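Residue-level listing of the chains:
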Amino acid sequence: MKQRGKLNIGLVVLAIVVLLGIFGVTQYNGLAKQEQTVESAWSQVENVYQRRADLIPNLVNSVKGSMNQEQKVFGDIAKAREAYGKAGSSEEQVEAAQQLDQSVGTLINVINENYPDLKSNENVQTLMTQLEGTENRISVERKRYNDAVQTYNQQVVTFPKNIFANMMGLGKKPYFEAQEGADQAPTVDFGTDSSN
């Protein structure tokens, strides 16, 4: 009888261990899938950034010859593209992309305000339209990334998944956030002297 009781206790303990194991694997797999969704969303943000990076040289080359005063804008764009190319982490890429956002926005404003003839050039107009469309895509993909991060982070911080997430090193993911001061309109100053 004692042996049968020990066997029953052993079976109960084994069943509990198996159930906990299955539960743990299920929780881990769910978190791992959501982490892949976050990484996929960030990859799409990078994909659209790359589209913009490919379009910018074409736009710059199309308008460069017609724009005398705006060499600073072209320099800023080149520096921002270089910084994005060298960025290693997601945070560095976000910072470089934000610098590029500002430079490209300045270029588009300069073309619209100071060079109406250039704006009417079909090639320049096509490139500007593509670039503006790409900026919209970037905004959409950033939102999708943040949505995926929100879903993942909610799972990582809720019980009991948070226990498994901590045990397996799956922490919260960072949201894409606007740069400090992004709520203020940038000042455009080309440093031109009207007395020349």
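Keep in mind it's a predicted model, so treat the numbers as computed, not measured.

1. Quick look at the overall build of the protein chain
Then step 1. A count of helices and strands for the protein chain gives six helices and zero strands.
Then step 2. Written out in order from the N terminus, the α and β elements of the protein chain read α-α-α-α-α-α.
Then step 3. For the protein chain, long-range pairs separated by at least 24 residues make up 77% of all intrachain contacts whose partners lie at least 6 apart in sequence.
Then step 4. Of the roughly 12500 Å² that the protein chain leaves accessible, carbon and sulfur atoms contribute 51%.

2. Digging into unusual backbone geometry
Phi is mostly negative for residues that are not glycine, and the peptide bonds are mostly trans.
Then step 1. Here Phe159 and Pro160 are connected by a cis peptide whose omega angle stands at 5°.
Then step 2. One can find Pro160 in the loop between helix H5 (122-157) and helix H6 (161-167).

3. Describing the nonpolar core
Then step 1. Within the largest apolar cluster, 20 residues are counted, with the highest numbers of intra-cluster contacts made by Val38, Trp42, Tyr49, Tyr145 and Phe176.
Then step 2. Among the secondary structure elements, those contributing two or more residues to this core are helix H1 (2-64), helix H3 (90-114) and H5.
Then step 3. In terms of nonpolar packing, the next biggest core, distinct from the first, is built from 14 residues, Ile56, Leu59, Ile108 and Leu131 among them.

4. Comments concerning the pattern of salt bridges
Then step 1. Under the counting rule described, the total for this entry stands at four salt bridges.
Then step 2. Between Glu82 and Lys86 there is a salt bridge, with its nearest N and O atoms 2.8 Å apart. Taken together, the residues span about one helical turn, with Glu82 and Lys86 both in helix H2 (residues 71-86) at a distance of four residues.
Then step 3. Residue classification places Glu82 among the partly exposed positions, given a relative accessible area of 45%.
Then step 4. Here Lys86 falls in the exposed class, since its relative accessible area comes to 62%.
Then step 5. For Arg144, the salt bridge goes to Glu141, with nearest N and O atoms at 3.1 Å.

5. Here's the deal with the environment of Trp42
Then step 1. Along the chain, the position of Trp42 falls in helix H1.
Then step 2. Here the alpha-carbon distance between Trp42 and Asn146, two residues 104 residues apart in the chain, equals 9.0 Å.
Then step 3. In this view, Trp42 contacts Tyr49, Ser90, Gln93, Val94, Tyr145 and Phe176; residues no more than four positions away in its chain are not counted.

6. A few points about a nonpolar patch on the surface
Then step 1. Together, Leu7, Leu11, Leu14, Val18 and Ile22 line one region of the surface with nonpolar side chains, adding up to about 470 Å² of accessible area.
Then step 2. Along the chain, Ile22 falls in helix H1.
Then step 3. Classification of Ile22 by relative accessible area gives exposed; the value is 51%.

7. Some words on the side chain of Lys161
Then step 1. With respect to the helices and strands, Lys161 occurs in helix H6.
Then step 2. Comment: no salt bridge for buried Lys161; closest opposite-charge side chain is Glu35, at 13 Å.
Then step 3. A distance of 2.7 Å separates polar atoms of two side chains, one belonging to Lys161 and the other to Gln155.

8. Considerations on the confidence of the model for the protein chain
Then step 1. On average, the protein chain scores 77 in pLDDT, and the residues at 70 or more come to 78%.
Then step 2. Ranking the helices and strands of the protein chain by mean pLDDT puts H5 first, with 85, and helix H4 (residues 116-119) last, with 62.
Then step 3. In the predicted structure, residues 188-196 sits below a pLDDT of 50 and forms eight contacts with residues beyond four places in sequence or in another chain.

How each quantity is defined
- Residues numbered from 1 in each chain as written.
- Predicted model: local features only at pLDDT ≥ 70, side-chain atom pairs only at ≥ 80, totals over all residues.
- Heavy atoms only, no water.
- Helix = DSSP H or I, 4+ residues; strand = E, 2+ residues; numbered from the N terminus.
- Contact = heavy atoms within 4.5 Å.
- Areas by Shrake-Rupley, 256 points an atom, 1.4 Å probe, with all protein chains shown as cover.
- Core = buried A, V, L, I, M, F, W, Y, C linked by side-chain atoms within 4.5 Å.
- Buried < 20%, exposed > 50% of the residue type's maximum accessible area, 1.4 Å probe, protein only.
- Salt bridge = Lys/Arg side-chain N within 4 Å of Asp/Glu carboxyl O.
- Patch = residues over 30% accessible without salt bridge, like charges linked within 9 Å, V, L, I, M, F, W, Y side chains within 5 Å.
- Lys, Arg positive; Asp, Glu negative; His and termini not counted.
- Polar contact = N/O pair within 3.5 Å; in protein donor to acceptor, adjacent residues only side chain to side chain.
- pLDDT = per-residue confidence, 0-100.

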